[in-house]
Amino acid sequence: MKKNCLPVSALVLGAFALSSCDTPVGQGAGIGAATGAIIGGAATGHVRGAAVGAAIGAGTGALIGAAVEADERGYYGGRSMGDLPYARPSGSPGIVISPYPPHNLIDVRGIPSGAAVRDTSTGGYFRKP
């Protein structure tokens, strides 16, 4: 029994190395399926175990990916992060012009470039240039 622990442990650690939080839904499901197949096959030594592991991994990856995408769209007022407009530089360091009327000046000092920022006067989200 002890001689099987090392290969299974190595496969589990390899599975964690292959996972990612920033993959599209389909890619996350595919990686989950492959990881599940490797773990299922290693743990049971049977093709049936690999198939069950692949199915569970694919389903889990798809569910998590869909939930993350839905959460992101709800948070930014029905838009995804990639759909947010960029603010325009104002000429003063750390101050940008909101893309939403009345185009207020917004202090974005300390916020990284490309991050989402909320214009508190309009409620709209934009990205810092």
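Residues numbered from 1 in each chain as written. Predicted model: local features only at pLDDT ≥ 70, side-chain atom pairs only at ≥ 80, totals over all residues. Heavy atoms only, no water.

### Points about the overall build of the chain
Defined as follows: In this description a helix means any DSSP run of H or I spanning at least four residues, a strand means any run of E spanning at least two, and both kinds are numbered starting from the N terminus. Exposure categories follow from relative accessible area, calculated using a 1.4 Å probe and restricted to protein chains: below 20% of the type maximum is buried, above 50% is exposed, and the middle band is partly exposed. The contact criterion used is simple: two residues touch if any of their non-hydrogen atoms lie within 4.5 Å. Method for areas: the Shrake-Rupley scheme with a 1.4 Å probe, in which residue coverage is limited to the protein chains shown.
Along its length, the chain carries three helices and five strands. The linear arrangement of helices and strands in the chain, starting from the amino end, is α-α-α-β-β-β-β-β. Evaluated residue by residue, the chain yields a buried proportion of 26% over its 129 residues. Considering only contacts within the chain whose residues lie at least 6 apart along the sequence, 36% involve residues at least 24 apart. With an accessible surface of roughly 8,300 Å², the chain has 64% of that area assigned to carbon and sulfur atoms.

### Description of the pattern of salt bridges
Applied cut-off: Should a side-chain nitrogen of Lys or Arg be within 4 Å of a carboxyl oxygen of Asp or Glu, the pair is scored as a salt bridge.
Within this structure, the stated rule accounts for one salt bridge. Between D107 and R109 there is a salt bridge; the shortest N-O distance is 2.6 Å.

### Some words on the nonpolar core
Note the cut-off: Nonpolar core, defined: a set of buried Ala, Val, Leu, Ile, Met, Phe, Trp, Tyr and Cys residues in which side-chain atoms within 4.5 Å join the residues together.
Ranked by size, the top nonpolar core spans seven residues in total: A87, V96, Y100, I106, V108, V117 and F126. Contacts of V96, omitting those with residues within four sequence positions, involve A87, R88, S90, N104, L105, I106, V108, F126 and P129.

### Here we look at the sheet that holds strand β1 (residues 88-89)
Keep this limit in mind: Note on pairing: DSSP must find at least two bridges between two strands before they are called paired.
On the basis of which strands lie adjacent, the open sheet formed by three strands has the order β1-β2-β3 and antiparallel pairing. On the outer flanks of this sheet lie β1 and β3 (105-107), each paired with one strand and no other. With two bridges joining them, β1 and strand β2 (residues 95-97) adopt antiparallel strand pairing. Bridge pairing in β2 links R88 to I97.

### Re the side chain of K128
Cut-off, in case you're wondering: When charges are counted, Lys and Arg are positive and Asp and Glu negative, with His and the chain ends excluded. Between N or O atoms, a polar contact is any pair within 3.5 Å; within protein, one atom must be a potential hydrogen donor and the other a potential acceptor, and residues adjacent in sequence are included only when both atoms are from side chains.
When you line up the elements, K128 lands in the segment after β5 (125-127). Here K128 occupies a buried position and makes no salt bridge, while the nearest side chain of opposite charge, D107, is found at 7.9 Å. Within polar-contact distance, the side chain of K128 engages the backbone oxygen of I111 at 2.5 Å.

### Observations regarding the confidence of the model for the chain
Test applied: Confidence scores here are pLDDT values: one per residue, from the predictor, ranging 0 to 100.
Looking at the chain as a whole, its pLDDT mean stands at 73, while 50% of the residues score no less than 70. The least confident element of the chain is helix α1 (residues 2-18), whose mean pLDDT is 52; the most confident is β2, at 96.

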